[in-house]
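Observations on the model geometry
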Amino acid sequence: MTTFKKGNVLPDAGGYYGEYGGVYVPECLIGPLQEVTDAYQRISRSADFIAELRYIRKHFQGRPTPVSYCKRLSDQLGGARIYLKREDLNHSGAHKLNHCMGEGLLAKYMGKKRVIAETGAGQHGVALATAAAYFGLECEIHMGEVDIAKQAPNVARMKLLGAKVVPVTFGLRTLKEAVDSAFAEYLKDPVNTIYCIGSVVGPHPFPMLVRDFQEVVGIEAREQFLDMTGGLPEAVTACVGGGSNAMGIFRGFLDDPTALYGVEPLGKGPKTGDHAASMTYGTPGIIHGFKCYLLQDKDGEPLPVYSCASGLDYPGVGPEHCYLKDQGRVQYVTALDTEAIDAFFKLSRLEGIIPALESAHAVAYAMKLAQEMKQGAILVNLSGRGDKDLDYVIENYGFGTPE
Ligand SMILES: *Cc1c(COP(=O)(O)O)cnc(C)c1O
């Protein structure tokens, strides 16, 4: 493998990763976004900011999260050894808090009073509401009415954490309209408010700053893995929705001879509308203010997408992933709903770990890869825990078959 220097993938001054990324927004948003970029460049390098983020990660989030070896699962597969980076043990149960605490801290240093965001299934809303409560910031989460009806527990969590949940009542009343609604609200008061995006997506500087806040996952994992095994993993897998947990762990290994696999949701199969595999079936296009591989119709409108894991059903993907795909540094592969469900049951029964359905996609691909590789080690980013998915899985698949 050719050596790859991750310095190459920093966005350029315009926020581009190769041809992807950029700032495709209405004129009135350019100024507020530039303000965030400038403030971030200055604040994120200050010793106070770095020290406070380090303190929060250790004493509030519970970092570093461990790396676990899956002995029983590996023995059953009879191939490469499987290890997990345990982001399910991060406070609030997923990797999302890594960037929400970073965004909250940035808001505090910028003197903002309010954070605002959209949410689909509610996972990002809950993580941001958690950060807002910690920092004493007002929090406003825009959520489609359809999603509010489907996601009662997360709506309750956000309210308990003190957030205002704003129902979005126009269009299809789901994620896309929630983004439009939240951006419109942000524009009304960009002086006191900061927009906090939920993944490595959106206009520059969001893909960069979310990636930087998630990089801790990869840095920890590499060091822990070396410590534990004396070497590096032959492969790393991570699920890809917008791509934040995958970017986080990949960053730790970009310069190493480790194969990297981003696992996209193939849902019910390759038919349009039945999956959300943007890298595999998409073409370059523009969504939510940035350029990326996009599942789109002939007019450039995002196509409907689906996955059993609601955190993965996004028709676009972070611009840095698009660049890494074109460079050949990361391979983007897929897992079906059925494969993710199988991995969900296997990890639960064999390891005592109930994974998020999103993360189960990365486990599913690792299981396949382990059998192909026959030896060596695979590190999976276990992005979150599965408590939120129990009702869905049991209703649709029961309790699985005994091992
Ligand atoms: C939101 C979510 C994802 C998908 O988001 P990325 O930005 O692609 O990481 C994956 N896993 C879990 C547990 C999530 O909550």
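Residues numbered from 1 in each chain as written. Predicted model: local features only at pLDDT ≥ 70, side-chain atom pairs only at ≥ 80, totals over all residues. Heavy atoms only, no water.

Which entries qualify depends on this criterion: UniProt positions are given in the numbering used here, feature names are shortened, and annotations may be inferred rather than shown by experiment.
In the nomenclature of an unreviewed UniProt entry, the chain corresponds to Tryptophan synthase beta chain from the organism Oligosphaera ethanolica. UniProt, in its Function (unreviewed entry) section for the chain, records the words "The beta subunit is responsible for the synthesis of L-tryptophan from indole and L-serine."

1. A closer look at helix α1 (residues 27-43)
Because an α-helix packs 3.6 residues into every turn, residues spaced three or four apart end up facing the same way. Definition in use: For helices the rule is a DSSP run of H or I covering at least 4 residues; for strands it is a run of E covering at least 2, with both sets numbered from the N terminus onward. Helix span is expected to be 1.5 Å times the residue number reduced by one. Residue burial is assigned from relative accessible area. The probe radius is 1.4 Å, only protein chains are included, and a residue is buried under 20% of its type maximum, exposed over 50%, and partly exposed in between. Residues count as neighbours in contact if any of their non-hydrogen atoms are within 4.5 Å of one another.
Here α1 contains 17 residues, and its C-alpha end-to-end distance of 25 Å stays within 8% of the 24 Å for a straight helix at 1.5 Å per residue. Among the residues of α1, L29, P32, L33, V36, T37, A39, Y40 and I43 are the ones counted as buried. The secondary structure elements touched by the buried residues of α1 are α2 (47-61), α4 (96-109), α8 (175-188), β8 (193-195) and α9 (206-229).

2. A few points about the sheet that holds strand β6 (residues 138-144)
Let me state the cut-off plainly: Two strands pair under a simple rule: DSSP has to find at least two bridges between them. With axes taken as lines fitted to C-alpha atoms, and helix axes fitted only over the stretch in contact, angles between N-to-C directions fall between 0 and 180 degrees.
Taken together, the four strands give an open sheet; going across it, the order is β7-β6-β5-β8, and neighbouring strands pair in parallel fashion. A single partner strand is all that each edge strand has here, and the edge strands are β7 (164-168) and β8. Between one strand and the next, the sheet's axes are offset by a mean angle of 25°, whatever the strand orientation. Bridging between β6 and β7 involves five bridges; their strand directions are parallel.

3. Description of the UniProt feature "modified residue: N6-(pyridoxal phosphate)lysine" (unreviewed entry) in the chain
Following the UniProt record, the feature "modified residue: N6-(pyridoxal phosphate)lysine" (unreviewed entry) maps to K96 here. One can find K96 in helix α4. Ignoring any residue separated from it by four or fewer positions in sequence, one finds K96 in contact with Q123, H124, A127, G198 and Q214.

4. Focus on the packing of aromatic side chains
Stated formally: The rule is short: rings of Phe, Tyr and Trp, with Trp giving its six-membered ring, pair when the centres are within 6.5 Å, and they are stacked under 30 degrees, edge-to-face over 60, tilted in between.
The tally for this structure, following the rule as stated, stands at 15 aromatic pairs. With a centroid separation of 5.4 Å and 80° between ring planes, the pair formed by F49 and Y109 is classed as edge-to-face. In this pair, F49 is assigned in helix α2 and Y109 in helix α4, connecting sequence segments 60 residues apart. Looking at Y109, the relative accessible area reads 30%, which means it is partly exposed. Aromatic pair F183 and Y195: ring centres 4.1 Å apart, planes at 15°, arrangement stacked. Note that F183 is positioned in helix α8 and Y195 in strand β8, a separation of 12 residues in sequence. Under the relative-accessibility criterion, Y195 is labelled buried at 1%.

5. Some points on the UniProt feature "domain: Tryptophan synthase beta chain-like PALP" (unreviewed entry) in the chain
As annotated by UniProt and renumbered to match this structure, "domain: Tryptophan synthase beta chain-like PALP" (unreviewed entry) occupies residues 62-384. Structurally, residues 62-384 comprises 43% helix and 21% strand, and the distance from its first C-alpha atom to its last is 14 Å.

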